[in-house]
Amino acid sequence: MAKAFRWLTRIFIGLFALAILAGVLVYYLASRSLVDYDATHKVAGISGTVEIVRDNADVPHVFAGNDLDAFYALGFAHAQDRLWQMTMLRRTAQGRLSEQFGPRTLEIDKLMRRLDLYNLAVSSVKAQDAQTRAILEAYSKGVNAWLTEINKGALGRGAPEFFLFSNQISPWQPADSIAIIKLMAVQMSSHLEQEVLRAQVSLILGNERLDDILPVSPGTAIAALPKYASLFPDMPRYAATRPIPNDPLSPFKPRAFSGASNAWAAAPSRSAAGGTLLANDPHLGFSAPAIWYLARLELKQGGIIGGTIPGVPAILTGRSDYLGWGLTAAYVDDQDVYIERLNPANPDEYQTATGFKPFITRDSIIRIKDQTPVTIKLQWSDNGPVLPGSHYDLASITPAGHVTTLAWTALSPADTSISAVLGLMQSRNIDQAIRNAEGYLAPAMNLTLADGGAIAMKTIGAIPKRSAAHQTQGRIPSQGWLAENRWQGRADYSDNPEFLNPVGGIIGNTNNKMIDRAFPRHVSFVWGDTQRILRWKRLMQSREVHTRESFIEAQLDTVSYTARALLPLIAADLWFTGEAAPEGTTAHKRQQALDMLANWNGEMNEHLPEPLIYAAWLRALQDRLIKDELGPLTSRFNHVEPLFIERVYRDTDGAAVWCDVLQSAAIESCTDIARLALDEALLWITEHHGTALEALRWGDAHLATHDHPVLGKVPVLKWFVNIRQSTSGGDNTLRRGRSRGVGPKPFQNVHGAGFRGVYDFADPDSSVFVISTGQSGHPLSRFYDNLGELWRRGEYIPMSLDPELARAAAAGVTVLEPLQ
């Protein structure tokens, strides 16, 4: 027995030693790619010495003798800190993920190949102006210079992930940067899914109650549209649905996670210090590292500082000595789905206004890791690429003998968006910035501007020019063979909404409806916000003048206008009306919850219990209201639609009919449904968060999930690469934290402001910014999550163009010298 025990002890010690040795080896290999920020590199492609000064937050400040060398250094810095992220963005745009991840990403690659974004980016290179082409070339050389340093110095393959996946990295090309901008357009698009969903609901409900569940933003009334079933009589009066996949590697996001953002500006007349103010916080899906990367470039015209996306040589939101700019998703209706009728005698032809015409056809080979390559046939009609029926469930609204195609402004072979952005960031005043942005195509954005004495907002991006006779006005799929349904080019840039120096001295956008114009000059029927804008207006109007601090306060505001507006409606007949109930009963817990909500001010604070009770109640309430009418489509409404709830409880146009359960003999009232939903929500809370309501914390349910897109679900590794933070805010607060909406943890915060910036032109160097994780994409770096805790607490770092401040306590100074 003693001998066996000794051997077991030796085996255990041996295994433990092997585990320690393996851990040391893994750490050594991974740490080889940690960047030495104090190194000097001799590189080809620059004309003089360049310094990359990384301040104490790891923000690179680039000082070069000329502009092209500065952009070269930006490419070098991007590659140093975010090489894996850059290559993943490029692979996604190219439709080449399956070469790394096998069958898991095959459907993603198929969709990207059908859209053909990368080839369109290659074609767009020659459409850029000479300066932009030179910048793209310089940036590419900078990225490739770091790849050379990796190979020359055996620097751990450039990132730890390359030890787990193929480390073959092709040189960076100018088209790669253009493709990433097009990829952002994919991530921020939602009108295709909106059209499909509206058609699906129309097939179930008809048009009678369609505007209840898919309400139009308040404003000018819209003329009646044909029923989808009347356009395609052979379609069944229901829509069989399939779940929409949401792989973290996929750029195709559900409509709830298309782009969102806040931006506002104040004129000198509304600024306490007498200079303009600007705040911006663009919202995208959270990841580790964040999609944003802070940087400063010292160019011939002066310093420019702000947020970049690795792979793109531009400050997308930021400021210079002369100008500040911020971006919000404009929700321009820049996509139309067409139903194309096939020739019964030849499925490679489709009907047009003048007869049948062959599709443009090309084969594309997709290589798959450890499997045989797959060849797919790509087809295009005059309207756009043919899409598979699985994409956003297009098959459910496509009649037999037809296919769907997509018209979209991002599918341009002469996309000059990068030229426009580079022109914008080097503009010296608002007028010049608006002129320079004319070539911008997609994704459409609202550009908020502030210079030394003025403020403005302009919608930039191509707006399709539609015929007034368009069958469906682009709200549901239309017949592709009718001439009146086809686009007639791009609307004139001067017709894009523009606001310059408003009388009130304040301008802003929260993705809300920003203009009332009849179709076809309408811009959009679907907007990203109807709630945050109301809270923003109250905060802006509550002060005669604003300061940097008041703009920060608004940016971090967590009061839910939605909660304040809806709770008095749905609880009107429940508050203070219940009979006394013994402790431990459902009625007692309901009364306790109602008492707590009655004394709550709507603040979605991470430390309070009321936000969780409110969020769970509304989630259960909407589900009960719609599931008997919509059946399987209920799963497509996994976020609360505030206008729908309001219409029902105000009985707008008879919308209270949603409260009655169609399948039951009784006639349920809206109060009955509210009571049942609250009981259901409290049961869910008990099962997932405990029985003590007063001990609940919203932040425990509303964790911000900055997960690594590839390694985030790998056992053990996920504890090193994922970043989780308890956060305040909610779906409809200015400090927006969009919840997951599905699964056992539906309130996790998965989409929000990965970048925040506030620019003060009375004292420019007092401007501040922050991102949600850290600058480095290396999990072992101290800069992997160093800014995350500041971001969570609502704190910022200086956004100064003072070179001495950057050098003070710098994390390192990288020197690039020309290779002789």
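Enquirer: Account for the overall build of the protein chain, with residues named and values stated.
Expert: Helices and strands together make up the secondary structure of the protein chain, namely 23 helices and 29 strands. The C-alpha atoms of the protein chain give a radius of gyration of 27 Å, which matches the 28 Å a tight globule of 820 residues would have. With the C-alpha coordinates of the protein chain rotated into their principal frame, the extents come out at 85 × 85 × 75 Å. Of all intrachain contacts in the protein chain linking residues separated by at least 6 positions in sequence, the fraction that spans at least 24 positions is 72%. Accessible surface computed for the protein chain: about 31,500 Å², of which carbon and sulfur atoms make up 55%. For the protein chain, the distance from the average site of its 78 positive side-chain charges to the average site of its 84 negative ones is 5 Å.

Enquirer: I'd like to hear about helix H5 (residues 117-124), residue by residue, with values.
Expert: Within the sequence span of H5, burial applies to Leu117, Tyr118, Leu120, Ala121 and Ser124. What you see down the axis of H5 is that its buried residues fit within an arc of 160 degrees, all on one side. Looking at the buried side of H5, the elements it contacts are helix H2 (67-94), helix H4 (106-115) and helix H7 (174-187).

Enquirer: Account for the packing of helix H16 (residues 586-598) against helix H17 (residues 610-630), naming residues and giving values.
Expert: Relative orientation of the contacting elements H16 and H17 amounts to 115 degrees, with a least axis distance of 10 Å. Taken together, the axes of H16 and H17 are roughly perpendicular relative to one another. Considering the relative orientation of H16 and H17, their crossing is left-handed. Mapping the contact onto sequence places Ala593, Leu594, Met596 and Leu597 in H16 and Glu610, Ile613, Tyr614 and Trp617 in H17. Partitioned by chemical class, the residues of the contact of H16 with H17 number seven nonpolar, no polar and one charged.

Enquirer: An account of the packing of aromatic side chains is needed here, citing residue identities and associated values.
Expert: Throughout the structure, instances matching the rule amount to 16 aromatic pairs. Between Phe76 and Trp146, the ring centres sit 5.4 Å apart and the planes meet at 75 degrees, which makes this aromatic pair edge-to-face. Pair noted here: Phe76 is in helix H2 and Trp146 is in helix H6 (residues 130-153), with a separation of 70 residues, a long-range link. For Trp146, a relative accessible area of 4% corresponds to the buried category. Between Phe286 and Trp791 the ring centres are 5.5 Å apart and the planes differ by 85 degrees, which places this aromatic pair in the edge-to-face class.

Enquirer: So what's going on with the sheet that holds strand S2 (residues 50-54)? Which residues, and what values?
Expert: Two orientations exist for strands paired in a sheet by backbone hydrogen bonds: parallel and antiparallel. Here we have 11 strands laid out as an open sheet, ordered S1-S29-S2-S3-S6-S7-S8-S9-S17-S18-S20, and mixed in their pairing. Where the open sheet ends on each side, the last strands, each with one partner, are strand S1 (40-43) and strand S20 (498-500). The sheet shows a mean angle of 15 degrees between the axes of neighbouring strands, taken without regard to direction. Pairing analysis gives two bridges linking strand S8 (residues 317-320) to strand S9 (residues 323-329), with the strands arranged antiparallel.

Enquirer: Let's hear about the state of the cysteines: which residues, and what values?
Expert: Covalent bonding between the sulfur atoms of two cysteines is what defines a disulfide. Applying the stated criterion across every chain yields a total of one disulfide. A sulfur-sulfur separation of 2.0 Å characterises the disulfide bridge that pairs Cys659 with Cys670. Sign of the S-S torsion, about 95 degrees for the bond between Cys659 and Cys670, identifies this disulfide as right-handed. You can see Cys659 sitting in the loop between helix H18 (642-650) and helix H19 (670-689) and its partner Cys670 sitting in helix H19, a full 11 residues away along the chain. For the pair Cys659 and Cys670, one class covers both residues: buried.

Enquirer: I'd like a description of the side chain of Ser98, backed by residues and values.
Expert: On the secondary structure map, Ser98 appears in helix H3 (residues 98-101). Note on Ser98: relative accessible area 0%, which makes it buried. Discounting residues that sit within four places of it in the chain, Ser98 has contacts with Thr105, Leu106, Asp109, Ile366, Arg367, Ile368 and Lys369.

Enquirer: Talk me through the nonpolar core; I want residue IDs and the actual numbers.
Expert: Ranked by size, the top nonpolar core spans 171 residues in total, and within it Trp325, Met425, Leu449 and Leu816 carry the most contacts. Sort the elements by how many residues they give to this core and H2 lands first, with 14 residues. Core analysis: the second largest hydrophobic core is formed by 54 residues, Leu214, Leu594, Leu633 and Phe637 among them.

Enquirer: Could you give an account of the environment of Val43, naming the residues involved and the relevant values?
Expert: Turning to its location among the elements, Val43 is positioned in strand S1. Judged by relative accessible area, which is 2%, Val43 ranks as buried. Considering only alpha carbons, one finds Val43 and Thr148, 105 residues apart in sequence, at a separation of 8.7 Å. Ignoring sequence-local partners within four residues, the contact set of Val43 consists of Tyr72, Phe76, Ala145, Glu149, Leu816, Glu817, Pro818 and Leu819.

Enquirer: If you had to explain the side chain of Arg82 to someone new, which residues and values would you point to?
Expert: With respect to the helices, strands and loops of the structure, Arg82 is situated in helix H2. No salt bridge is formed by the buried Arg82; its nearest oppositely charged neighbour, Asp81, is found at 6.6 Å. Of the polar contacts made by the side chain of Arg82, one reaches the side chain of Gln85; its length is 2.8 Å. In terms of polar contacts, Arg82 uses its side chain to reach the backbone carbonyl oxygen of Ala290, at 2.7 Å.

Parameters and conventions
- Residues numbered from 1 in each chain as written.
- Predicted model: local features only at pLDDT ≥ 70, side-chain atom pairs only at ≥ 80, totals over all residues.
- Heavy atoms only, no water.
- Helix = DSSP H or I, 4+ residues; strand = E, 2+ residues; numbered from the N terminus.
- Rg over C-alpha atoms; globule rule 2.2 N^0.38 Å.
- Contact = heavy atoms within 4.5 Å.
- Areas by Shrake-Rupley, 256 points an atom, 1.4 Å probe, with all protein chains shown as cover.
- Lys, Arg positive; Asp, Glu negative; His and termini not counted.
- Charge placed at Lys NZ, Arg CZ, Asp CG, Glu CD.
- Buried < 20%, exposed > 50% of the residue type's maximum accessible area, 1.4 Å probe, protein only.
- Arc of directions from axis to C-beta.
- Axes fitted to C-alpha atoms, helices over the stretch in contact; angles between N-to-C directions.
- Parallel < 35°, antiparallel > 145°, perpendicular 65-115°, else oblique.
- Left-handed = near helix turned anticlockwise from the far one by under 90°.
- Nonpolar A, V, L, I, M, F, W, Y, C, P; charged D, E, K, R; others polar.
- Phe/Tyr/Trp six-rings, centres within 6.5 Å; stacked < 30°, edge-to-face > 60°.
- Pairing = 2+ DSSP bridges.
- Disulfide = S-S within 2.5 Å.
- Core = buried A, V, L, I, M, F, W, Y, C linked by side-chain atoms within 4.5 Å.
- Salt bridge = Lys/Arg side-chain N within 4 Å of Asp/Glu carboxyl O.
- Polar contact = N/O pair within 3.5 Å; in protein donor to acceptor, adjacent residues only side chain to side chain.

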